[in-house]
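Reading the structure
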Amino acid sequence: MDIAYYLGMSLKTLESLEFVPTIYKDNLEALYDEIFTFIETTFNPNGGYSNWYGARSSMESTFQAISLYILFNRTTELSTDKIQLILNFINKLKTVDGGYFPLLDWDVPDITSTFRAISLKQSLSVSSLNLTDISDSDVLGYLNGNFV
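Nothing here was measured: the structure is a model prediction, and the numbers come from that model.

Thresholds applied
- Residues numbered from 1 in each chain as written.
- Predicted model: local features only at pLDDT ≥ 70, side-chain atom pairs only at ≥ 80, totals over all residues.
- Heavy atoms only, no water.
- Phe/Tyr/Trp six-rings, centres within 6.5 Å; stacked < 30°, edge-to-face > 60°.
- Buried < 20%, exposed > 50% of the residue type's maximum accessible area, 1.4 Å probe, protein only.
- Helix = DSSP H or I, 4+ residues; strand = E, 2+ residues; numbered from the N terminus.
- Patch = residues over 30% accessible without salt bridge, like charges linked within 9 Å, V, L, I, M, F, W, Y side chains within 5 Å.
- Areas by Shrake-Rupley, 256 points an atom, 1.4 Å probe, with all protein chains shown as cover.
- Salt bridge = Lys/Arg side-chain N within 4 Å of Asp/Glu carboxyl O.
- Axes fitted to C-alpha atoms, helices over the stretch in contact; angles between N-to-C directions.
- Parallel < 35°, antiparallel > 145°, perpendicular 65-115°, else oblique.
- Left-handed = near helix turned anticlockwise from the far one by under 90°.
- Contact = heavy atoms within 4.5 Å.
- Nonpolar A, V, L, I, M, F, W, Y, C, P; charged D, E, K, R; others polar.
- Core = buried A, V, L, I, M, F, W, Y, C linked by side-chain atoms within 4.5 Å.
- pLDDT = per-residue confidence, 0-100.

Focus on the packing of aromatic side chains
- Considering all chains together, one arrives at six aromatic pairs under this definition.
- Between tyrosine 5 and tyrosine 6, the aromatic rings sit 4.9 Å apart at their centres with planes inclined by 75°, giving edge-to-face as the arrangement.
- Under the relative-accessibility criterion, tyrosine 6 is labelled partly exposed at 48%.
- Here the aromatic rings of tyrosine 32 and phenylalanine 72 are separated by 4.5 Å at their centres, their planes lie at 65°, and the arrangement is edge-to-face. Taken as a pair, tyrosine 32 in helix H3 (residues 28–41) and phenylalanine 72 in the loop between helix H4 (59–71) and helix H5 (80–92) lie far apart in primary sequence, 40 residues in all.

Examining a nonpolar patch on the surface
- There is a patch of nonpolar side chains on the surface, built from Leu14, Leu17 and Phe19 and spanning about 290 Å² of accessible area.
- Here leucine 14 shows up in helix H1 (residues 2–16).

A look at the packing of H4 against H5
- Contact geometry of H4 with H5 gives a least axis separation of 11 Å together with a crossing angle of 150°. Comparing the axis directions of H4 and H5 gives the class roughly antiparallel. Note that H4 runs across H5; the crossing there is left-handed. Facing Met59, Thr62 and Ile66 of H4, the residues of H5 in contact are Ile86, Phe89 and Ile90.

What about the packing of H1 against H3?
- Contact pair H1 / H3: the axes reach a minimum separation of 10 Å and the direction vectors enclose 155°. Relative to H3, the element H1 is oriented roughly antiparallel. Crossing of H1 against H3: the hand is left-handed. Contact residues: Ala4, Leu7, Gly8, Leu11, Lys12 and Glu15 in H1; Leu28, Leu31, Tyr32, Ile35 and Phe38 in H3.
- Of the residues in the contact of H1 with H3, the class split is eight nonpolar, one polar and two charged.

Concerning the nonpolar core
- Ile39, Tyr49, Ile66 and Ile90 are the most contacted members of the largest nonpolar core, which has 32 residues in total.
- Where this core is concerned, the elements lending two or more residues are H1, H3, H4, H5 and helix H6 (111–127).
- Top contributing element to this core by residue count: H4, with six residues.
- Not counting chain neighbours up to four residues away, the residues in contact with isoleucine 66 comprise Tyr49, Leu78, Ile86, Leu120 and Leu124.

Things to note about the confidence of the model for the protein chain
- Counting all residues, the mean pLDDT for the protein chain is 87, and 90% of those residues have values of 70 or more.
- The element-level mean pLDDT for the protein chain is lowest in helix H2 (residues 22–25), coming to 69, with H4 highest at 96.

Shown next, in the form of structure tokens:
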């Protein structure tokens, strides 16, 4: 997932700056489609994305995958059911003190995963209707208790 994420982000940035060589301009859409085909191979039944096919889901890979869907305006390709699965996965990573774990079997929440979780939940809630509760008011307790 890391390679797909950084490749997609780099190409989109170069494209917006009009720095993509002419030889690649005609093939960008096909390359983007290939990136998203790969991304879909990393989607797991638990609602998270992994770094490669068959690996375990993580907050990092899920954030990278959804960030690419958002950047490329492809969130309409995600069904409401799939978005709900993704949000359910994210919610499984939530701790009792409001922070988020990077992996399901992790023992310490971290600020990076917490940021990614609340960012994704906000972004995905805009993309879909009829979602389960996505509130995160208790994240403030985690932030106040650990960072502020």
